[in-house]
2 protein chains.
Amino acid sequence: MSARGFDLFLGLDFGTESVRALVVDGCGRVAGSASAPYPHGQIVAGSATAQARFDQPLPRSWALQDPDDWLDAVVAAVRAAGRETDLGRVVSIGVDFTSCTVVPARRDGTPLSRTVWMDHPHAWPKLWKHHGAGPQADRLTALAVARDEPWLARYGGIIGLEWFFPKVLEVIEQDPEVAAATEVWLEGGDWLVWQLSGAPSWGGEREADHLIRSTCQAGYKGLWSRADGFPSRDYLDSADPALGAAAADKLPGCFLAPGQRAGSLVPEAAVRLGLTPGIAVSTAVIDAHAGVPGAGVSDVGTLVMVLGTSGCHMLMAEEEHLVPGVAGVVGDGILPGFFGYETGQAAVGDAFEWVRRLCGAPAHAELEHAARAVASGADGLCAVDWFNGCRTPLMDGGLRGALLGLDLQHGPAHLYRAVLEASACGVAWIVDTLRDGGAPIERFVATGGLPRENALFLEILASVLGAPIEVPPVVEGPAMGAAVLGALASGRFISAEDAIASMVGSRSALPPARVVPPDLVSPEQARGLRRRYGEAVSLCSDSPSVRGAHQ
Amino acid sequence: MSARGFDLFLGLDFGTESVRALVVDGCGRVAGSASAPYPHGQIVAGSATAQARFDQPLPRSWALQDPDDWLDAVVAAVRAAGRETDLGRVVSIGVDFTSCTVVPARRDGTPLSRTVWMDHPHAWPKLWKHHGAGPQADRLTALAVARDEPWLARYGGIIGLEWFFPKVLEVIEQDPEVAAATEVWLEGGDWLVWQLSGAPSWGGEREADHLIRSTCQAGYKGLWSRADGFPSRDYLDSADPALGAAAADKLPGCFLAPGQRAGSLVPEAAVRLGLTPGIAVSTAVIDAHAGVPGAGVSDVGTLVMVLGTSGCHMLMAEEEHLVPGVAGVVGDGILPGFFGYETGQAAVGDAFEWVRRLCGAPAHAELEHAARAVASGADGLCAVDWFNGCRTPLMDGGLRGALLGLDLQHGPAHLYRAVLEASACGVAWIVDTLRDGGAPIERFVATGGLPRENALFLEILASVLGAPIEVPPVVEGPAMGAAVLGALASGRFISAEDAIASMVGSRSALPPARVVPPDLVSPEQARGLRRRYGEAVSLCSDSPSVRGAHQ
């Protein structure tokens, strides 16, 4: 490979709080890396931005972002990474992004939040975790069930409240003026790729009709498939004629898969980023899904667990199985040639952080140390990990977490251990769901921030799964995955497998994966944890008491 | 009344952590007041005393005390109170005490923990909240049910794990040597009265056969009644012949009611306390029950809620109703002439303190202030208040607390508000249970420490009860009640009603009760709280997940 050691590949990982720019060579060696936070972070109830900007306080279920933050942060991150390497050698950009993050925009790419509509909260991008569209999701699901829509089985029978059409319908219903002023609805990742590759709003000349949408985002969050496209006009009209009209008129563009070249970096963007104009820009990928190539996985039967604030667990298989409770089975959804299965937990690191914040502990390391001394089973305390809803397998964003078996002797260490155990049992439940649905799993790979930050969690997880977990050496898995997909888009590798093997896998310059053995607690203790979690889950899934105030 | 303004009356309130000495005159005016902590506090798993004293760590369910602490603390408290007044004018002592706190002793009154058995944990008094006798309580209950024991209905059909015979049986089974070395089993309050009125171990000459036991403690915690005495030898033998033998041989003494004179203060004790030898010592009363006269209540139909670390809610009625779930209906159990109903919550202030400690908040005032700003319903968070088991009406010490509906936005203020709301709903549930069982309730009086310390809790409680709550001006309700009962034992009043009216009620020198109106939240919100608590309670009462690790 002529690329090795010479050309460099840039991966951009747009997360919930910040963007990471990772520059690597063709053997996976890191040449430069930096991250930059979004200046306004998450715009939620009580945040300074929300208070300064809007007349009314935001509902507690809301989470918005400022798209200009994405641009400002990516410039800062790439330029910071450039202080460590020669950005002039970068030949491609890969982009991963949170999803489903929905941007209402003008046809020239200007986000509505930058226009006269800026004092309308609905004009701002709704972050993936925004939970304001629950009623819309419920209605769209009920309608699809009633009409026996054929695509519904691909999504486990439920349309998630975080997904694309519920979020669009929420705006249509709650702020029709903003909905009418929106000319293009699109995913944040697709919007970003459009900005890099020619949106007029960032100095390019590529009108909306030629923007590139990702099959990954559209397939997992937009009810889209290559064969059938989006849901029928008839279905969407029956929900709301304005939704049918929006789908017909306001979803312009063409579909490409992650790793396919979406376009070339336009000069204006290149100048701001300090990169060479004309280099390849890959089609966007969902951040978690970038973790699969980023973890060096290109084969079937390996569950790639991307563990961060939330958990996203992905599997590739030769066959399509419609598994109840699995939110998306998408052809070519992760890598070309395989069916990609996406499952998830809505709060993992977020739940650990909730305990830390609640207890006023200065750092996770202290809680982890104390929780390690607590016996398996947390001295009778059992948690349910639905602090932000249950994604897989119940697919119910309205469910809420629980702590059961509390006594006066329980302290922060018990809570922490109980929430770690619950999160591990939540993964095991997903594994059972996939296996029961016919999707084989033979190997476990963990990536994302948590595997390095929280050793105890990984040890509990391996014990509960009853199998070793491999932790690849790549520190920034999604960013590495984005870089790999960008390299693929640059044409320097003959296939995804080739790019992955060369940059992250067996032929790369990286050290072997660390293996976490399943021996922290005994198999019997692990069974006890799972049995108790199962009881707690069946208890809580039936009860209105475990739903939020707004349910 | 010649007593007014001249004679003084001493009330001793032996609580969980400390003893309070209150000196009042015949009009209820406080002449002196002081408290002193028990030097070794509660001896529990991990406490310094337990670690220094015993080979093995104590189980988490255990709670012991050192009886010498009671003596040392009462001397310190009385002498401190004496710095404010002339102890030479004190003509009586009333004693209230935690219950069921069980002391194994020698026939001369020496507690076994002061003997060669001191390195045996079972030789130490088991504090009321000690939960080691769960299996024994279950077995004694099952046996009583199987044999259709007639007395069981008086206790709501269940023998509590905190009660007298389960605790004795626990020692018999787990440390037969200590059980064999025990010559007298008795309540802490009876032991203390014995010490004051002549136990040889504290300088007196009153052998065990002449010690006085309280009808209150025996009736509520010892399955005793005036008509039938203790359970039959046959029943106790069927549980364990050693238990039958202990009941026959190791429960010497006579029974008197609280307010009856148990004896006179012996010279040795008088010297140590700085009091006059020969003054009246009243028969002991359970601390919570002392709160009824202490709150100025001498009539039927008033629920006296003693709110402290736990909650004890007492009611007097003309008739005996055997109410399922009500742990004790005892004739003359509170005041002579009425049936006394005792109900309770195992953790109230303890649960609030658990939240404070968990969250590392410096003081309750801050949490209360923050929780006041949280909407009714705690933004979707619902608690079950069984942090130390459910006393009334489920009578199940093995149940544990829960937090349901948790989301990532919930913080300390939400937890605090949710636990206050749950505790209030727990009281309302008890009120319904009593009313449904035929015991009328027309008025609510709150006493104990919490009504003064936690205004928000009282306001929530009044709203949930849908009725005003009167908070009598007496700061130390149980200690005042003990003083009233002591005064009664001194012969200075013609009846309990007379003593109560004169010292705490309409004829006293005290200001009128403060009234907390039921208007913090709307009746509809209050119904919402109760509905949700009811759902959570029925959810949790069925589930093994809500039991501790040892269940």
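Just so it is clear, the model here is predicted, and its values are computed rather than measured.

**Looking at the overall build of chain A**
1) Next: The helix and strand inventory of chain A stands at 19 helices and 20 strands.
2) Next: Its C-alpha atoms give chain A a radius of gyration of 22 Å, within 12% of the compact-globule value 24 Å for 551 residues.
3) Next: C-alpha extents for chain A along the principal axes are approximately 65 × 55 × 45 Å.
4) Next: Buried positions account for 66% of the 551 residues belonging to chain A.
5) Next: Put simply, chain A shows about 17,800 Å² of open surface, and 53% of that area lies on carbon and sulfur atoms.
6) Next: Of the side-chain charges in chain A, 42 are positive and 63 negative, and the distance between the mean point of each set is 3 Å.

**Focus on the domain arrangement of chain A**
All names here are of chain A.
1) Next: The assigned domain composition of chain A is domain 1 (8-287) and domain 2 (298-471 + 521-551).
2) Next: A separation of 27 Å is found between the C-alpha centroids of domain 1 and domain 2.
3) Next: Between domain 1 and domain 2, the buried area comes to about 1,600 Å², and carbon and sulfur atoms account for 53% of it.
4) Next: Scanning the region where domain 1 abuts domain 2 turns up three salt bridges.
5) Next: Salt-bridge contacts for Glu342 lead to Lys221; the nearest nitrogen and oxygen are separated by 3.2 Å.
6) Next: Counting across the interface, domain 1 meets domain 2 through five residue pairs in polar contact (both at pLDDT 80 or more).
7) Next: Among the residues making up the side of domain 1 that touches domain 2, the classes are represented as eight nonpolar, four polar and four charged.

**Some remarks on the state of the cysteines**
1) Next: A complete count under the given rule lists zero disulfides over all chains for this structure.
2) Next: You can see Cys359(B) has no disulfide; the closest cysteine sulfur is in Cys359(A), sitting 6.2 Å from it.
3) Next: Of the cysteine sulfurs around Cys382(B), a residue in no disulfide, the closest is that of Cys425(B), at 7.6 Å.

**Digging into helix α19 (residues 523-541) of chain B**
1) Next: Here α19(B) is 19 residues long and its end C-alpha atoms lie 26 Å apart, about the 27 Å a rise of 1.5 Å per residue gives.
2) Next: For α19(B), the full list of buried residues reads Ala526(B), Gly528(B), Leu529(B), Arg532(B), Tyr533(B), Ala536(B), Val537(B), Leu539(B) and Cys540(B). Buried positions in α19(B), seen along its axis, are confined to an arc of 160° and lie on one side of it. Residues of α19(B) that are exposed and point over 90 degrees away from its buried face: Pro523(B), Glu524(B), Arg527(B) and Arg531(B).
3) Next: Contacts from the buried residues of α19(B) go to β17 (401-406) and α19 (523-541) of chain A together with β16 (382-384), β17 (401-406), α14 (412-436) and α16 (455-465) of chain B.

**Notes on the relation of the copies chain A and chain B**
1) Next: The transformation that overlays chain A on chain B combines an axial shift of 0.0 Å with a rotation of 180°, and the residual RMSD is 0.0 Å. The superposition operator between the copies reduces to a two-fold rotation axis. When C-alpha positions in chain A are compared against the rotation axis, the closest is assigned to Cys359(A), at 2.0 Å.
2) Next: A share of 100% of the interface residues of chain A reappears at the interface of chain B, consistent with the copies meeting face to face through the same patch.

**Digging into the side chain of Glu162(B)**
All names here are of chain B.
1) Next: Within the secondary structure, Glu162 sits in the loop between α3 (134-146) and α4 (164-174).
2) Next: Classification of Glu162 by relative accessible area gives buried; the value is 9%.
3) Next: In contact with Glu162, other than residues within four places in its own chain, are Cys100, Trp128, Lys129, His130, His131, Lys167, Asn388 and Arg391.

**Side note on the environment of Tyr38(A)**
Residues and elements named next belong to chain A.
1) Next: Its place among the elements puts Tyr38 in the loop between β3 (30-37) and α1 (48-53).
2) Next: Given the relative accessible area of 4%, Tyr38 is considered buried.
3) Next: Tyr38 sits 475 residues away from Ala513 along the chain, and the two C-alpha atoms are 32 Å apart.
4) Next: Each residue touching Tyr38, except ones within four places of it in the same chain, is listed here: Phe14, Gly15, Thr16, Glu17, Ser18, Val19, Gln65, Asp69, Trp70 and Ala73.

**Description of the sheet that holds β16(B)**
1) Next: Reading across the sheet, the four strands line up as β16(A)-β17(A)-β17(B)-β16(B) and stay open at both edges, with antiparallel pairing between neighbours. A strand with exactly one partner marks an edge of an open sheet, and here the two such strands are β16 (382-384) of chain A together with β16 of chain B. Between one strand axis and the next, the sheet turns through 10° on average, direction left out of account.
2) Next: Where β16(B) and β17(B) come together, three bridges link them in antiparallel fashion. Each bridged residue has a counterpart across the sheet, and for Ala383(B) the counterpart in β17(B) is Leu403(B).

What counts and what doesn't
- Residues numbered from 1 in each chain as written.
- Chains lettered and ligands numbered in written order.
- Predicted model: local features only at pLDDT ≥ 70, side-chain atom pairs only at ≥ 80, totals over all residues.
- Heavy atoms only, no water.
- Helix = DSSP H or I, 4+ residues; strand = E, 2+ residues; numbered from the N terminus.
- Rg over C-alpha atoms; globule rule 2.2 N^0.38 Å.
- Buried < 20%, exposed > 50% of the residue type's maximum accessible area, 1.4 Å probe, protein only.
- Areas by Shrake-Rupley, 256 points an atom, 1.4 Å probe, with all protein chains shown as cover.
- Lys, Arg positive; Asp, Glu negative; His and termini not counted.
- Charge placed at Lys NZ, Arg CZ, Asp CG, Glu CD.
- Domains from an automatic or database assignment.
- Buried area = accessible area lost by both parts, 1.4 Å probe.
- Salt bridge = Lys/Arg side-chain N within 4 Å of Asp/Glu carboxyl O.
- Polar contact = N/O pair within 3.5 Å; in protein donor to acceptor, adjacent residues only side chain to side chain.
- Nonpolar A, V, L, I, M, F, W, Y, C, P; charged D, E, K, R; others polar.
- Disulfide = S-S within 2.5 Å.
- Expected span 1.5 Å × (residues − 1).
- Arc of directions from axis to C-beta.
- Contact = heavy atoms within 4.5 Å.
- Least-squares fit on C-alpha atoms with pLDDT ≥ 70 in both.
- Pairing = 2+ DSSP bridges.
- Axes fitted to C-alpha atoms, helices over the stretch in contact; angles between N-to-C directions.

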